[in-house]
Amino acid sequence: MAEFNLKKKQKYQPNISAFLAVCGRNYAHILKWLPEQINVNVPWQVDGEFGTLSINLIENTKYTQLIEISRPIPNGHFFKSPKAIVRIYHDAQLAEVLTSQQIYRLKPVYDYPNLHMHHSDEKFQVNAFLEELLKIGSRRVSFQS
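Since we're looking at a predicted model, the values are computed, not measured.

### Section: helix α1 (residues 16-31)
- The terminal C-alpha atoms of α1 lie 22 Å apart, and with 16 residues this matches the ideal 22 Å at 1.5 Å per residue to within 8%.
- Of the residues making up α1, those classed as buried are Phe19, Val22, Cys23, Asn26, Tyr27, His29 and Ile30. Viewed along the axis of α1, the buried residues span an arc of 165 degrees, placing them on a single side of the element.
- Its buried side turned inward, α1 meets β3 (64-70), β4 (83-89), β5 (94-100) and α2 (122-134).
- Measuring from the side-chain oxygen of the N-cap residue of α1 to the backbone nitrogen of Ser17 gives 3.2 Å; that N-cap residue is Asn15.

Take a look at the structure:
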């Protein structure tokens, strides 16, 4: 006879160290191609070995910057281009995704299951995805007019 595990599923506990580590690595990737002097709403591109990232500075303050990062997909009629709004914290040396695709406010933890079917660790997953997106490369930076 089969045994049934009646233990209640443990509530997800975010791993803050892993989250801060991925945000720190994202900051290091972004810093490689982030110009020191850039104007708000002047988009530029980062060309790499595996594609191009389009970046636009949305907000620039003393200790933080808000940028939009997207990866245009040629002939991407069936797929939406990945896009994220990222807050760069220069004082803490972290870069955190604030919004991604249709998620306009990422919560630290989601109950699962939920209406939008977000993972319990959706915020970590989105920041880990940004890390992979940033690995596209930074061979050449070009400014659009």
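### Things to note about the packing of α1 against α2
- Between α1 and α2, the shortest axis-to-axis distance is 9 Å and the interhelical angle comes to 25 degrees. Here α1 is positioned roughly parallel relative to α2, judged by the angle of their axes. When the axes of α1 and α2 are compared, the crossing they make is left-handed. Between α1 and α2, the contacting residues are Ala18, Phe19, Val22, Cys23, Arg25, Asn26, His29 and Ile30 on the first element and Lys123, Phe124, Asn127, Ala128, Leu130, Glu131 and Leu134 on the second.

### Quick notes on the side chain of Asn127
- Tracing the sequence through the fold places Asn127 in helix α2.
- A distance of 2.9 Å separates a polar atom in the side chain of Asn127 from the backbone nitrogen of Val97.

### A short note on the pattern of salt bridges
- By the definition in use, this model includes 4 salt bridges.
- For Arg25, the salt bridge goes to Glu131, with nearest N and O atoms at 2.7 Å. One end of the pair, Arg25, is in helix α1; the other, Glu131, is in helix α2, with 106 residues separating them in the sequence.
- Classification of Glu131 by relative accessible area gives buried; the value is 9%.
- Of the charged contacts in the structure, one is a salt bridge between Lys83 and Glu68, with a shortest N-O distance of 4.0 Å. One end of the pair, Lys83, is in strand β4; the other, Glu68, is in strand β3, with 15 residues separating them in the sequence.

Each value, and the rule that gives it
- Throughout, residues of each chain are indexed from 1 in the direction in which the sequence is written.
- Under the rules for a predicted model, residues below a pLDDT of 70 receive no local features and side-chain atom pairs below 80 are neither given nor counted, while totals for whole chains, interfaces and linings still include all residues.
- With hydrogens and water stripped out, all remaining heavy atoms of the structure feed into the side-chain values.
- Only DSSP runs of H or I reaching four residues or more are called helices, and only runs of E reaching two or more are called strands; each is numbered from the N terminus.
- Take the residue count of a helix, subtract one, and multiply by 1.5 Å to get its expected span.
- When accessible area is computed with a 1.4 Å probe and restricted to protein chains, residues below 20% of their type maximum are described as buried, those above 50% as exposed, and intermediate ones as partly exposed.
- To obtain the arc, one takes the directions from the helix axis to the C-beta atoms.
- By definition, residues are in contact when any of their heavy atoms lie within 4.5 Å.
- What qualifies as a polar contact is a pair of N or O atoms within 3.5 Å, subject to a donor-acceptor requirement within protein and to the restriction that residues adjacent in sequence count only when both atoms come from side chains.
- For helices, the fitted line uses only the C-alpha atoms of the stretch in contact; every axis is such a line through C-alpha atoms, and the angle between N-to-C directions lies from 0 to 180 degrees.
- For classification purposes, angles smaller than 35 degrees are called roughly parallel, those larger than 145 roughly antiparallel, those between 65 and 115 roughly perpendicular, and all remaining angles oblique.
- Should the near helix be turned anticlockwise from the far one by less than a right angle, the crossing is termed left-handed; should it be turned clockwise, right-handed.
- By definition, a salt bridge exists where a carboxyl oxygen of Asp or Glu is found within 4 Å of a side-chain nitrogen of Lys or Arg.

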